[in-house]
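Architecture and fold: a report
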Amino acid sequence: MNKDIGVIFDFNGTCIFDGKYHNKAWQIYIEELALKPVSDRDINVWIVGKTPKEILEHFLGYELSDNMIVQFSEEKERIYRNLIAKDNVSLAPGLESFLNYLLLAQVPRTIATTADLGNMNMYFERYDLGRWFRWEDIVIGSGNIPLKPHPDLYLAAINKIGLPADKIVAFEDSDSGVTAAYSAGIRHIIAVTGDSWNTSLITKPGVYASISNFTELNPENF
């Protein structure tokens, strides 16, 4: 591996294949709030890829204040965390070995994620992420920082790594994440498709490889 690089990971859908758990948490919570069933079609049309504001206002049928959206979203995340614990969800296949390799090779690395603070705390504790990442280096989509596809999360993560953008390899699973990384100047993006099977990511600017999970990586080829 080239030791003069840094690595930035997205988390949800990249380091952990948890898309169905977010969808299930929304389904459970919306059914409680709206007092009506949420079908698989509803999930695919009105939940997958939608913001909390879009999801909540569609199913509830009225406009919500920012504070209400935050409150409702936090309850949904509590349900999500319970589902993750119940099913004992693991890190993506091969990720732990790859992180150990980066650690031994002293390759700087961090996470740039739109996950909220509560979820990130849970991930750190559950997966012992402190083995590979310093908490103070993690860039979380909280506060006023614009979220993906805006480049701000990646710009902050690049600053944490301390290398120029053209020395960074990013792992992403979504269109918005790839766009954010590319807009931040990263030109070496690896698409991770095991959670979404989004095969179109390989066609996006900056994406030079696609893997279903980290068992397909050969670090020596970096």
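This write-up is about the structure you can find in this document. (Residues numbered from 1 in each chain as written. Predicted model: local features only at pLDDT ≥ 70, side-chain atom pairs only at ≥ 80, totals over all residues. Heavy atoms only, no water.)

Okay, the layout of surface pockets next. Roughly 1700 Å³ of internal volume is contained in the largest pocket. Elements with a minimum of two residues in the lining of the largest pocket: α1 (19–34), α3 (52–60), α4 (66–86), α6 (117–127) and α8 (175–183). No other element matches the seven residues that α4 contributes to the lining of the largest pocket. Tallied by class, residues from the lining of the largest pocket come to 12 nonpolar, 19 polar and 15 charged. (1 Å grid on protein atoms, 1.4 Å probe; cavity = no way out; pocket = protein on both sides within 12 Å on 5 of 7 lines; lining within 4 Å. Points joined across faces, edges and corners; volume = space filled by probe spheres on them. Helix = DSSP H or I, 4+ residues; strand = E, 2+ residues; numbered from the N terminus. Nonpolar A, V, L, I, M, F, W, Y, C, P; charged D, E, K, R; others polar.)

Bringing the packing of α1 against α3 into the picture now. Contact pair α1 / α3: the axes reach a minimum separation of 10 Å and the direction vectors enclose 40°. The chirality of how α1 crosses α3 is right-handed. Between α1 and α3, the residues in contact are W26, I30, L33 and A34 and P52, I55, L56, F59 and L60, respectively. Of the residues assigned to the contact of α1 with α3, the class counts are nine nonpolar, no polar and no charged. (Axes fitted to C-alpha atoms, helices over the stretch in contact; angles between N-to-C directions. Left-handed = near helix turned anticlockwise from the far one by under 90°. Contact = heavy atoms within 4.5 Å.)

Among the residues making up α8, those that are buried are G177, V178, A180 and A181. The buried residues of α8 occupy one face: seen down the axis, they fall within an arc of 160°. The first or second residue beyond α8 is G185, which carries a positive phi of 100°. (Buried < 20%, exposed > 50% of the residue type's maximum accessible area, 1.4 Å probe, protein only. Arc of directions from axis to C-beta.)

Attention shifts here to the nonpolar core. Counting residues in hydrophobic clusters, the biggest one holds 54 residues, and the most contacted among them are F9, M120, Y123, L129, F171 and F214. Listing elements by their share of this core, those giving two or more residues are β1 (6–9), α1, α3, α4, α5 (95–104), α6, β4 (168–172) and β5 (188–192). Top element by residues in this core is α4. It accounts for six residues. The next biggest cluster of nonpolar side chains, apart from the first, holds 20 residues, and it includes A165, A181, A184 and I186. (Core = buried A, V, L, I, M, F, W, Y, C linked by side-chain atoms within 4.5 Å.)

Right, let's get into the pattern of salt bridges. Evaluated as defined, the whole model comprises 10 salt bridges. Between K148 and D10 there is a salt bridge, with the nearest N and O atoms lying 2.9 Å from each other. Residue K148 is found in the loop between β3 (139–140) and α7 (152–161), and its partner D10 is found in the loop between β1 and α1; the two are separated by 138 residues along the sequence. E96 serves as the salt-bridge partner of R131, at 3.0 Å between the closest nitrogen and oxygen. You can see R131 sitting in the loop between α6 and β3 and its partner E96 sitting in helix α5, a full 35 residues away along the chain. Here R131 falls in the partly exposed class, since its relative accessible area comes to 33%. It is possible to trace a salt-bridge network through shared partners that takes in D10, K148 and E172. (Salt bridge = Lys/Arg side-chain N within 4 Å of Asp/Glu carboxyl O.)

Within this structure, the stated rule accounts for 11 aromatic pairs. Considering the side-chain rings of F9 and F98, the 6.2 Å spacing of their centres and the 75° angle between planes classify their relative orientation as edge-to-face. Residue F9 is located in strand β1, and its partner F98 is located in helix α5; the two are separated by 89 residues in the primary sequence. Take F9 and F98: they sit in the same class, and that class is buried. Between the aromatic rings of F171 and F214, the centroid separation amounts to 5.3 Å while the plane-to-plane angle is 50°, which identifies the pairing as tilted. Taken as a pair, F171 in strand β4 and F214 in the segment after β6 (207–211) lie far apart in primary sequence, 43 residues in all. (Phe/Tyr/Trp six-rings, centres within 6.5 Å; stacked < 30°, edge-to-face > 60°.)

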